[in-house]
Amino acid sequence: MNPLFRLPRLSTRFIPVWQRNYLVWKKLAIPSILGNLADPMLYMLGLGYGLGSLLPDVGGMPYLTFLAAGTVAYSTMNAATFEVLYSSFSRMHVQRTWDAILNAPMTLDDVMLGELTWAASKSLLSGVAILAVIWGLGLYGNFWMTLWIIPVVALVGFCFGGMGLVMNAVSPSYDFFLYYFTLVITPMVLLCGVFFPVSQLPAAVQSVSAWLPLTHAIDLARPLVVGNIPDNIALHVIALLVYGSLGYIVALALTRRRLLK
Amino acid sequence: MLKVRGLTKKYGDTEVVRGLDLTVRRGECFGLLGPNGAGKTTTLRLLLGLVEPDGGSIELAGIAVPQRAREARMKVGVVPQMDNLDPDFSVRENLLAYGRYFGMSKAAVTARVPELLDFAGLASKADAQIAQLSGGMKRRLTLARALVHDPDILFLDEPTTGLDPQARHLIWQGLRRLINAGKTIVLTTHFMDEAERLTDRLAILDHGRVVVEGAPRALIETHIEPAVVEVFGEGLTDWTSQHAADLCQRFETVGETLFCYTSTPDIVIDALKHAPALRYLHRPSNLEDVFLKLTGRDLRD
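Calculation notes
- Each residue is numbered by its place in its chain's sequence as written, counting from 1.
- Chains and ligands are labelled by the order in which they are written, letters from A for the one and numbers from 1 for the other.
- Whole-chain, interface and lining totals are the exception, using all residues; otherwise, since this is a predicted model, local features are given only for residues with pLDDT of at least 70 and side-chain atom pairs are given and counted only at 80 or more.
- Segments assigned H or I by DSSP are reported as helices when at least four residues long, segments assigned E as strands when at least two residues long, and all are numbered from the N terminus.
- For a compact globule the rule gives 2.2 Å times the number of residues to the power 0.38, and the radius of gyration it is set against comes from C-alpha atoms.
- Exposure in this text rests on C-beta crowding, where 20 or more other C-beta atoms within 10 Å of a residue's own make it buried, 12 or fewer make it exposed, and counts in between make it partly exposed. The C-beta atoms are placed from the backbone.
- Once C-beta atoms have been placed from the backbone, residue pairs whose C-beta atoms lie within 7 Å are recorded as contacts.
- Only the stretch in contact is used when fitting a helix axis, every axis being a line fitted to C-alpha atoms; angles between N-to-C directions are given from 0 to 180 degrees.
- For classification, angles of less than 35 degrees are called roughly parallel, those exceeding 145 degrees roughly antiparallel, those between 65 and 115 degrees roughly perpendicular, and all remaining angles oblique.
- Helix crossings get a hand from a simple test, with the near helix turned counterclockwise from the far one by less than a right angle marking a left-handed crossing and a clockwise turn marking a right-handed one.
- Gly is put with the polar residues, along with every residue not named as nonpolar or charged; the nonpolar set is Ala, Val, Leu, Ile, Met, Phe, Trp, Tyr, Cys and Pro, and the charged set is Asp, Glu, Lys and Arg.
- By this definition, two strands are paired if DSSP reports at least two bridges between them.
- By the criterion used throughout, a crossover qualifies as right-handed when its path from the first strand across the helix to the second strand runs clockwise, the strands pointing away from the viewer.
- In this document the domain limits rely on a domain assignment from an automatic tool or a database.
- Take the residue count of a helix, subtract one, and multiply by 1.5 Å to get its expected span.

Undergrad: Run through the overall build of chain A, naming residues and quoting values.
TA: Of the regular secondary structure elements, chain A holds 11 helices and zero strands. Walking chain A from its N terminus toward its C terminus, one meets helices and strands in the order α-α-α-α-α-α-α-α-α-α-α. Since a compact globule built from 261 residues should have a radius of gyration of about 18 Å, the 19 Å found for chain A is in line with a globular shape. For chain A, the spread of C-alpha atoms along the three principal axes comes to 60 × 40 × 35 Å. Taking all 261 residues of chain A together, 47% fall into the buried category. A separation of at least 24 residues holds for 79% of the contacts in chain A among residues at least 6 apart in sequence.

Undergrad: If you had to explain the environment of Ala203(B) to someone new, which residues and values would you point to?
TA: Residues and elements named next belong to chain B. Structurally, Ala203 is set in strand β9 (residues 201-206). For the pair Ala203 and Leu33, spaced 170 residues apart in the sequence, the C-alpha separation amounts to 6.1 Å. Beyond its immediate sequence surroundings of up to four residues, Ala203 is in contact with Leu22, Leu32, Val210 and Glu213.

Undergrad: Give me the lowdown on the packing of helix α2 (residues 29-50) of chain A against helix α3 (residues 63-94) of chain A, citing residues and values where you can.
TA: For any two helices packed against each other, the geometry comes down to the angle between their axes and how far apart the axes lie. All names here are of chain A. Direction vectors running N to C along α2 and α3 enclose 160 degrees, while the axes themselves pass 9 Å from each other. With respect to α3, the element α2 is oriented roughly antiparallel. Our pair here, α2 against α3, has a crossing hand that is right-handed. The segment α2 lies against α3, with Asn36, Pro40, Met44, Leu47, Gly48 and Tyr49 engaging Tyr63, Leu64, Leu67, Ala68, Thr71, Tyr74, Ser75 and Ala79. Looking at the contact of α2 with α3 residue by residue, the classes come out as 10 nonpolar, four polar and no charged.

Undergrad: I'd love a proper account of the pairing of strand β7 (residues 153-157) of chain B, names of residues and values included.
TA: All names here are of chain B. With five of five residues buried, β7 is to be regarded as a mostly interior element. Neither face of β7 is open: one carries Ile153, Phe155 and Asp157, the other Leu154 and Leu156, and all of them are buried. Two elements, strand β6 (residues 76-79) and β7, share four bridges in a ladder whose sense is parallel. Following the sheet pairing, Val79 is matched in β7 by Leu156. Relative to strand β8 (residues 184-189), β7 runs parallel, the two being bridged by five bridges. Bridge assignment links Phe155 to a residue of β8, and that residue is Val186. In the classification by handedness, the crossover that spans β7, the intervening helix α6 (residues 165-180) and the parallel β8 is right-handed.

Undergrad: An account of the interface of chain A and chain B is needed here, citing residue identities and associated values.
TA: With 19 residues of chain A in contact, the opposing surface of chain B contributes 19 residues. When contributions to the side of chain A that touches chain B are tallied by element, the ones reaching two or more residues are α1 (15-27) and α4 (97-102) of chain A. Among the elements that make up the side of chain A that touches chain B, the one with the highest residue count is α4(A) (five residues). The residue inventory of the side of chain A that touches chain B, partitioned by class, reads 10 nonpolar, five polar and four charged.

Undergrad: Can you lay out the domain arrangement of chain B for me, pointing to particular residues and giving the numbers?
TA: Examined at the domain level, chain B breaks down into domain 1 (2-221) and domain 2 (225-284). Placing a centre on the C-alpha atoms of domain 1 of chain B and another on those of domain 2 of chain B gives a separation of 40 Å.

Undergrad: Any chance you could break down helix α5 (residues 135-146) of chain B for me, citing the residues and the numbers?
TA: For an α-helix, 3.6 residues make a turn, and residues three or four places apart therefore share a direction. All names here are of chain B. The end-to-end C-alpha distance of α5, which contains 12 residues, comes to 17 Å, matching closely the 16 Å that a straight helix rising 1.5 Å per residue would cover. Counting buried positions over the 12 residues of α5 gives nine, a clear majority of the element. Contacts from the buried residues of α5 go to β6, α3 (91-101), α4 (106-120), β7 and α6.

See the structure below:
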């Protein structure tokens, strides 16, 4: 078999890579947190109160609650995507940090698992920050139920981190990432029920939406905010795991071709 | 320390490495020379197990590569061609982070940091950011970083390219200290004086093969006449056609200069006294002459 497509060999050696990113992030934690969190929060509160006051209940709940639940998933997706696109690309292509690490007894499998787990960790923070706003404003149905949102957010970060690494592997420059945002991320935000229920879309579009990872993320997060047990938990969890893992495996093969030929 | 037999690597239809054999002994400083595209960097990447060879065998520090490349890399320090220090970390943090990639504990790396900074002459820069360092300091830090896990063997890919003479001499001093401390060194370089100064033995690569291998002095003695008279100036063409074949053991004209290789330079210089319009430079032959003789004068970019 072509060695480029060998399955990943996972080990705990990814930890120093995760730790490297964490230590760098720690230096700039406050501007980074503000930059990552202020934006989704402003949208959520602005639209939630402004638009929400004009609307009746949406999806059986006040619009602010509806939007807050969508924003948890959306904000997590964005944070993970940005990290593996712009930040990982800087480390791989611009700073050549990956090359330096690969000269040590590390493999690309380790480096990319470190990047993926780091993106998931960082996006966890984004998701939990929105969750904190939900707690603060009392937008939830059952507090204990909302704690389940934390693992959901970690899973969503893993999913979009893995997918984004594929883009990182094939991108010639930063400009390329715009395609991913315009063609994948933004349509997903509009089709997956962040701002309005998927049921408002034409039936054909709804059936597309059902396949998209952000839909699965929101189908888990929104009931948990309101205090209900989500339907089809296994389906959603497996979908997110499959998207993330496939992304990681494909990205690894493509990056091997890019760096190790 | 390093044993390579019949190594081959193809990219598409191009054979970049074509049946390479190399042996580097413990404690030796070995040079890999060759024009651009000769396969030097690819060879280093193959030796580290970063690229899968198409054929041949590699044994690095007694460990088979690429099969057990990870173990082999534990024993190797690498100074890459392009600086890839971590710009988000200070000098000290760069060393600490790099040690972790070798599975070293924080205490173990911390204990080594002062010695490494001292070696690199960066003790006063421990907390400086990478962007504040000069090119020479960055190279020295990269060298110190390659030593963080106390490797037996060091790979250096053009360690002094782009440095000013002062910075080059500092790097050479550092490398000599490592050689004296018994480290094995494999270095690639474009600088013949660097190879002549540092290496015990060297191999000249061209088109993915070893063209010649040996100690620098021995190569000069066996492959080239002991002296060179470079002649240039008005009327060179006439002088060359009349005298060069008689006076020089071997000669070639490159652009506006005649290179006259000879073991009796005095005779050439005497003859040149009768041609006052011509100027000349008389020097002992060196490794560069060997290199150019064996790999030709064509540009390889």
